[in-house]
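# A closer look at the structure
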Amino acid sequence: MESNFSHLDKNDNPTMVDVSAKAITHRTATARSIVVLPHEVLVHLVGGDLQTKKGSVFQTAVIAGIMAAKKTGDLIPLCHPLGMDNCKVTIELSETNEVIIECTASITAKTGIEMEALVGASIAALTVYDMCKAMSHDIVIKETKLISKTGGKRDFKRA
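Residues numbered from 1 in each chain as written. Predicted model: local features only at pLDDT ≥ 70, side-chain atom pairs only at ≥ 80, totals over all residues. Heavy atoms only, no water.

## As for the overall build of the protein
Inclusion rule: Secondary structure elements are defined from DSSP: runs of H or I of at least 4 residues count as helices, runs of E of at least 2 residues count as strands, and each element is numbered from the N terminus. The cut-offs for exposure are 20% and 50% of the maximum accessible area for each residue type, with area from a 1.4 Å probe on protein chains only; residues under the lower value are buried, those over the upper are exposed, and the others partly exposed. Here, residues are in contact when the closest pair of their heavy atoms is within 4.5 Å. Surface accessibility follows the Shrake-Rupley procedure with a 1.4 Å probe radius. Residue values consider only the protein chains on display as shielding.
Broken down by element type, the protein carries 4 helices and 8 strands. Along the protein, from the amino end to the carboxyl end, the secondary structure elements read β-α-β-β-β-α-α-β-β-α-β-β. In terms of its C-alpha atoms, the protein occupies a principal-axis envelope of roughly 55 × 30 × 30 Å. Across the 159 residues that make up the protein, the buried fraction comes to 40%. A separation threshold of at least 6 residues defines the contact pool for the protein, and within that pool the share at least 24 residues apart is 66%. Entry remark: accessible area of the protein is about 9400 Å², with carbon and sulfur atoms responsible for 55%.

This is how it looks when you write it as structure tokens:
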């Protein structure tokens, strides 16, 4: 019986997906992570960013997210190493004081880029945690999810 999992071969051993026969297409992906910060951290919000002894939290998280997205192939064992065409990380505070982190990555290639977007958003969220933990450990990274992807076999857009 053949596995439905793309990263398992016919003997159920882990394998990288062979993309050699796939067409080169423009592919994009956007992922989102949400971080909930307690009041004792939010009181340090100045001009749309958190300032700490370590520096600007959101600006540092943006850089960390981009750096992480570029390293996805080194972090996730069966991911293809990709040279992204672009990667953008944005961070906003919602009306409910949640930190909304979005990472959008794009490439023209034979394989998708959603893992890069997910890793970028995740590491940006972890960077926010790291930079704010001296003020409180009551920080929650509440979710990370794919928002959309284009290119490849099928597009996806979360409703």
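After that view of the structure, there is still more to cover.
## With respect to the layout of surface pockets
Rules: Think of a 1 Å grid over just the protein atoms. A cavity is a set of points where a 1.4 Å probe fits yet cannot get out, a pocket is an open set with protein on both sides within 12 Å along at least five of seven lines, and lining residues have an atom within 4 Å of a point. Grid points are joined across faces, edges and corners, and a volume is the space filled by probe spheres set on the points. Under the scheme applied here, ten amino acids are nonpolar (Ala, Val, Leu, Ile, Met, Phe, Trp, Tyr, Cys and Pro), four are charged (Asp, Glu, Lys and Arg), and all others, including Gly, are polar.
In this structure, the largest pocket spans a volume of roughly 600 Å³. Residue contributions to the lining of the largest pocket peak at 3 residues, all from helix 4 (residues 114-132). The residue inventory of the lining of the largest pocket, partitioned by class, reads 8 nonpolar, 6 polar and 7 charged.

## Quick notes on the nonpolar core
Put simply, the test is: What makes a nonpolar core is a set of buried Ala, Val, Leu, Ile, Met, Phe, Trp, Tyr and Cys residues whose side-chain atoms join them at distances within 4.5 Å.
Formed by 34 residues in total, the largest nonpolar core has its most connected members in Val35, Leu37, Ile91, Ile101 and Val128. Take this core: its biggest share by element is 8 residues, from helix 4. Setting aside residues up to four positions removed in sequence, Ile101 forms contacts with Ala31, Arg32, Ser33, Val35, Val89, Thr90, Ile91, Ala121, Ala124, Ala125 and Val128.

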